[in-house]
Amino acid sequence: MRRLLTLAALALGFISSSAMAAGQSRIINGFDAANGRWPMQVSIQFGSPRSHNCGGTLITNQWVLTAAHCFFTSGRQTVFAGDVTVIAGTNNNADGSGQSRNVARMINHADYNDSTKNNDIALLQLDQPVTIVNPITLATPATEALWAPAGQTVTAIGWGNTSTTGDVYPALLKQVDVNMVSRDTCNAASSYNGGITTNMLCAAAPGKDTCQGDSGGPLFVSNRAGGVIQVGVTSFGTGCANPNFPGVYARVSQYNDWIAARVPETLFATTRQSGWWFVNGQGGRGYSIEIRGSRMFFAGYMYEADGSATWYTSIGTMSSADSYSGSLQRYQGGQSLTGAYTAAQSSGSVGTISLTFTSDTTATMVMAGQTLALVRYEFTTGGVAAGAATNQPETGWYWNTSEGGRGYFIEAQKDQIFFAAFMYRTDGQPTWYYFGTGTTATAGNGIQIQSPLSACTGGQTLTDATRSPSCSALPQALTLQFTNPFTATMTLPDGRAVTLSRFAF
Ligand code: ARG
């Protein structure tokens, strides 16, 4: 399918990228994305010869969210599941790299209107799963309202045209920052004049935009915890970077039920944040909580009756957006700070835990029969509200995929980091180490974190909150080199380097 690019209003549809000119460094005025920065992005290819036509995002390892218009011409579907190849896991859509999959099933929204572009949303089921660590989390009405108001900076990515006057299709993935535009502004007589429905979002910035070939790809907004959620699917525009006409995106929050009914494993963002919590007045005991869609991972750092540091975890599905209950687990016998990897064994449940979030910064926890008032741990002034600065690590759990039983929780507030490692003593008992420090920028948007570890003893046990710990810095130091906000190489005190990625639970 080959079609000339037209810049007329609503002149959508397929583009050919066979003319892959050497990339100018822009989507429209964007820049090359770092390799591996957007692992959820795929290239949707068809035609003869096969070429890139649209973007899409992996919402699970087997389902892609994209735009319905990619498969329509002049009001009728012309591209079917069997015509489409999906390329995942590469920034280059033309060198044969990445994981290639056929499409087993294509689901275009039944109410998609090819002339108005209302309901421009579609799902593709891949014939085989791809390997991906982090499927994208989708915006809900509440998270869109909170994090993507008019004026908010958002990021679009894609392999679309980089020229507003000709056809310049890059082989390398690009990204661009634009700002949310209110529906009223976008619908003004001088703009789309009423064509923007409540199923659409608009975004623009001077000289910057998505363009033909970016369609189906994501519009992202920060989740304030170093990660992004997808608020939009690139849909249409009158020209590209035309000052009167913002880019228009299908509004993901309108399709939560439609998507969940077809792909139940989809992750939807919650307004509650991942991060560190503690009880005022109980320094030395802390709780990491990661919320990922409807799943929660809790780990409590506390002490045994003999004073040694210990930890307990709980993992499971939340019973509502604001509540969780599950069993507290203990592990032993696993990997110590130095030496070769040893697998840990569960020593079973030590009680139950329930958590009720009462605001973004307060929660009530009932742990082993004790009721505790949790608050977020703010380690830089205003840091909880500000979240992570650009390129800082995503807040949450990290691990090495071949070293189960040992894990790391990292929170970034601005450019400051709080790190905790949970591992084992050489006698097999669980223990933990921590540090708080600033970060150093390194080449290619990298971030380096280096600090001596600290450890504590003698603090509050699971049931006795009256004790207080003493903490001291250890001679051992640890280095984390992040290459993107979710991948790092950790160099342990004995010089062993392990690759860390996010723990998708
Ligand atoms: N419809 C286009 C495509 O098929 C995407 C257009 C986005 N345009 C814009 N001005 N933001 O690739």
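Preceding this section is the structure that the text describes.
Residues numbered from 1 in each chain as written. Predicted model: local features only at pLDDT ≥ 70, side-chain atom pairs only at ≥ 80, totals over all residues. Heavy atoms only, no water.

**Let's talk about the sheet that holds strand E4 (residues 63-66)**
Part 1 of the reasoning: Read once around its circumference, the closed barrel built from six strands follows the order E2-E3-E4-E9-E8-E7, with strand pairing classed as antiparallel. Across this sheet, the average inter-strand angle for adjacent strands is 40°, counted without regard to direction.
Part 2 of the reasoning: Pairing of strand E3 (residues 51-58) with E4, which is carried by two bridges, proceeds in the antiparallel orientation. Bridge pairing links Thr57 to Leu65 in E4. (Pairing = 2+ DSSP bridges. Helix = DSSP H or I, 4+ residues; strand = E, 2+ residues; numbered from the N terminus. Axes fitted to C-alpha atoms, helices over the stretch in contact; angles between N-to-C directions.)

**Focus on unusual backbone geometry**
Part 1 of the reasoning: Between Ser48 and Pro49 the backbone carries a cis peptide bond, its omega angle lying at 0°.
Part 2 of the reasoning: Phi at Ala368 is positive, roughly 45°, even though this residue is not glycine.
Part 3 of the reasoning: Topologically, Ala368 is positioned in the loop between strand E24 (362-367) and strand E25 (370-376).
Part 4 of the reasoning: With relative accessibility at 26%, the residue Ala368 sits in the partly exposed group. (Buried < 20%, exposed > 50% of the residue type's maximum accessible area, 1.4 Å probe, protein only.)

**Looking at the packing of aromatic side chains**
Within a pair of aromatic rings, the relevant descriptors are the distance that separates the centres and the angle that separates the planes.
Part 1 of the reasoning: Evaluated as defined, the whole model comprises 31 aromatic pairs.
Part 2 of the reasoning: Seen in terms of ring centroids, Tyr192 and Phe236 are 5.7 Å apart; in terms of plane orientation they differ by 85°. Their pairing is edge-to-face. Taken together, the residues span a long stretch of sequence, with Tyr192 in the loop between helix H2 (183-186) and strand E13 (200-204) and Phe236 in strand E15 (residues 228-236) at a distance of 44 residues. Both residues of the pair, Tyr192 and Phe236, belong to the buried class. (Phe/Tyr/Trp six-rings, centres within 6.5 Å; stacked < 30°, edge-to-face > 60°.)

**Overview of the state of the cysteines**
Part 1 of the reasoning: Under the criterion given, the structure shown has four disulfides.
Part 2 of the reasoning: The partner cysteine of Cys186 in its disulfide is Cys202, sulfur to sulfur 2.0 Å. Between Cys186 and Cys202, the S-S dihedral sits near -85°, and the bridge is therefore left-handed. One end of the pair, Cys186, is in helix H2; the other, Cys202, is in strand E13, and 16 residues separate them in sequence. This pair shows no difference in class: Cys186 is buried, exactly as Cys202 is.
Part 3 of the reasoning: Disulfide partner of Cys456: Cys471, at an S-S distance of 2.1 Å. (Disulfide = S-S within 2.5 Å.)

**Description of the pairing of strand E2 (residues 41-46)**
Part 1 of the reasoning: Counted residue by residue, E2 has six buried out of six residues, so it is predominantly covered.
Part 2 of the reasoning: On E2, burial covers both faces: Gln41, Ser43 and Gln45 on one face and Val42, Ile44 and Phe46 on the other are all buried.
Part 3 of the reasoning: Both E2 and E3 contribute to a ladder of six bridges, which runs antiparallel. Opposite Ser43, over in E3, you have Gly55 as the bridge partner.
Part 4 of the reasoning: In this structure, the hairpin formed by E2 and E3 is closed by a connection of four residues, where Gly47 is found at a positive phi of approximately 100°.
Part 5 of the reasoning: The sheet contact formed by E2 and strand E7 (residues 85-88) spans four bridges and is antiparallel. Note that in E7 the partner of Ile44 across the bridge is Val86.

**Topic: the side chain of Thr60**
Part 1 of the reasoning: Tracing the sequence through the fold places Thr60 in the loop between E3 and E4.
Part 2 of the reasoning: Within the structure, Thr60 has its side chain in polar contact with the backbone nitrogen of Gln62 (distance 3.0 Å).
Part 3 of the reasoning: There is a polar contact of 3.1 Å between the side chain of Thr60 and the backbone nitrogen of Trp63. (Polar contact = N/O pair within 3.5 Å; in protein donor to acceptor, adjacent residues only side chain to side chain.)

**A short note on the site of the ligand**
Part 1 of the reasoning: Around the ligand sit 17 residues, and of these Asp209, Thr210, Gly213, Ser215 and Gly239 come closest.
Part 2 of the reasoning: Gly213 has a polar backbone atom sitting 2.5 Å from an oxygen atom of the ligand.
Part 3 of the reasoning: Between a nitrogen atom of the ligand and a main-chain N or O atom of Ser235, the distance comes to 3.0 Å.
Part 4 of the reasoning: Here the shell around the ligand takes three residues from E15, the largest share from any one element.
Part 5 of the reasoning: Classifying every residue of the shell around the ligand by side-chain character gives four nonpolar, eleven polar and two charged. (Near = heavy atom within 4 Å. Nonpolar A, V, L, I, M, F, W, Y, C, P; charged D, E, K, R; others polar.)

**Points about the nonpolar core**
Part 1 of the reasoning: Among the nonpolar cores identified, the biggest contains 62 residues, and Tyr287, Phe298, Phe419 and Leu480 are the most heavily contacted of them.
Part 2 of the reasoning: Of the residues forming this core, the biggest block, eight residues, is contributed by strand E28 (residues 416-424).
Part 3 of the reasoning: Apart from the residues lying within four places of it in its own chain, the contact partners of Phe298 are Tyr287, Ser288, Ile289, Tyr312, Thr313, Ser314, Leu328, Ile353, Leu355, Met365 and Met367.
Part 4 of the reasoning: Judged by nonpolar contacts, the second largest core, of 47 residues, contains Leu65, Val84, Ile136 and Leu173. (Core = buried A, V, L, I, M, F, W, Y, C linked by side-chain atoms within 4.5 Å. Contact = heavy atoms within 4.5 Å.)

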